[in-house]
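Chain residues, written in single-letter form:
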Amino acid sequence: MKKKALTLCVATILGLSSGTVAMAAPINSAGGTDRHAVYGTYQPEGEVATVYAVDVSWGSMEFTYTDGAVSKTWNPSTHQYTESVGEGSWSNQDGANKVTVTNRSNKALTATVEAATSGSYTGITAKVDNDSLSLKDASIGATTAVAGTASTASTTISLSGALTDKNANKAKIGSVTVKIADADTASQE
Amino acid sequence: MMKKIIAATLALTLSMSMGNLVYAVEDKSADIKATYQAGKENTDTVYSVDVKWGSLEYTYSSGVTKSWDPTTLKYKEASGTSSWTCQEGADQITVTNNSNADITASLAYDKTDSNITGTFTNSKIGLKSAEGTNVGESPSETTTLSLEGALSDTKAEKKEIGNVTVTISDYVGTSSNYKWDGNGDISWGFLKTTLTDGVYTVEKECTADNYSASIFYIYNKVNSQEKYVIKDGTIKAEGTYSLQKVNSGNGSYGVSLPSTMALTGKTIRLTVDLRNENNPTLTVKVI
């Protein structure tokens, strides 16, 4: 009996939730009435589509290699100079090695910065100081009247190794790549 | 009975034993005649009307489309067409008449949210009597409720926004072409259409026991020469009377309802049946 009662309850609940059939007792007199409430549910606007808008600001990426100083030492026994070469160095103008990424999207992003040399310059190593830049969703706090805030992050490129091509003048020795991914996707990788 | 049989036997024995005295007896008979008269049929109206409700659960969509503008870093909104939707059948109300009388189901939408109105595909459902139908095949009709207006409560979730009421009454017809011109103390009016083509009805409250003259005559308002009068000229009680179509004059103008009907405070229902041109009838019923 308990089982039957339970089954009936379940059936009743299902019947009501299906939203199609509900029957009250019959109306048994002229002037008799039956009444049923009407319900409304507000459906929010559909999810706003993601709009990607990322600005990348590049420094000139122009570096200068200065070879190491050559020190000559006279050898009286051989009557010749002995040369020793110091370590060369890379330099650049202020900001020339800077990569700045600005996120104007309505989604949090991660910018991955990669740098690599190529061709006959593979002896030179390009290093990205911070190769993963986190960029906040620019729509945080935004409404139709209030603007959100663009998110900006920067990193720098540094080179090491000797530039052996003494004729190099703004020779292309490699490239820097910025890759954009959704922050939630990037964090899963 | 036994005693009579014994007496008859004894008489027969006596007559036979007397030998010379014999009487001749002639048989006689009388017919017994019977006439059937149908008893008065009293049929009370029993109302039984089922209302099957859809869930009446609706969803409102504003139609506004929101998008991100990366230049201004603001959201943009574009207005579209708002709409009310519901699951299949959720907006339907089905009325089934299991009564032995024609009925009208009147549907009304009462607002709880003043911005939202409800309309029915048919707000007055007329259903014939279930008499003569099989169980499960009673007259039935479905109407659909549509909503209009904006739901301003953006948090609303299955919020009551109104109510639907179904009220049952005897069938409420519309005015027909046939006027029922009352005289005496009963005002004239139009016969109302019924659910059967060619059959019309009218109900009037009586304030006197009898209406001695000119209670009514019936005519076609399109062709006022087409009149119907009681064929035998007299209404004696409740019942069905033959009508006669006359094309001029008022015919037996002055039909009365007798005092024996004791009509004070009662309502008379006149049902005019013009389906059979050769035998139009009027049924008088006190209800």
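To start, this report covers the structure provided alongside it. For clarity, every value in this text was computed on a predicted model and none was experimentally measured.

Here we take up the pattern of salt bridges. One pass over the structure, following the stated rule, counts 11 salt bridges over all chains. Glu-114 of chain A is the partner of Lys-179 of chain A in a salt bridge, and the nearest nitrogen-oxygen pair spans 3.7 Å. Of this pair, Lys-179 of chain A sits in strand E13 (residues 174-182) while Glu-114 of chain A sits in strand E9 (residues 109-117), and the two are 65 residues apart along the sequence. We classify Lys-179 of chain A as partly exposed; its relative accessible area is 44%. What makes Glu-114 of chain A partly exposed here is its relative accessible area of 38%. The partner of Glu-57 of chain B in a salt bridge is Lys-158 of chain B, with the nearest N and O atoms 3.3 Å apart. Here Lys-158 of chain B lies in the loop between strand E10 (140-148) and strand E11 (159-170) and Glu-57 of chain B lies in strand E2 (residues 57-61), a separation of 101 residues in the sequence. Shared partners join several salt bridges into a network, and the residues in it are Asp-170, Glu-203 and Arg-269 of chain B.

All names here are of chain A. Judged by pairing direction, the sheet is antiparallel, and its 3 strands sit side by side in the order E11-E9-E13 without closing on themselves. For this open sheet the edge positions go to strand E11 (132-135) and E13, each flanked by a neighbour on one side alone. Across the sheet, the axes of successive neighbouring strands diverge by a mean angle of 20°, strand direction being ignored. Relative to E13, E9 is paired through 9 bridges, and the arrangement is antiparallel. Bridging across to E13, Ala-115 finds its partner in Val-176.

Cut-offs and rules
- Residues numbered from 1 in each chain as written.
- Chains lettered and ligands numbered in written order.
- Predicted model: local features only at pLDDT ≥ 70, side-chain atom pairs only at ≥ 80, totals over all residues.
- Heavy atoms only, no water.
- Salt bridge = Lys/Arg side-chain N within 4 Å of Asp/Glu carboxyl O.
- Helix = DSSP H or I, 4+ residues; strand = E, 2+ residues; numbered from the N terminus.
- Buried < 20%, exposed > 50% of the residue type's maximum accessible area, 1.4 Å probe, protein only.
- Pairing = 2+ DSSP bridges.
- Axes fitted to C-alpha atoms, helices over the stretch in contact; angles between N-to-C directions.

These values are about where atoms sit, not about what they do.
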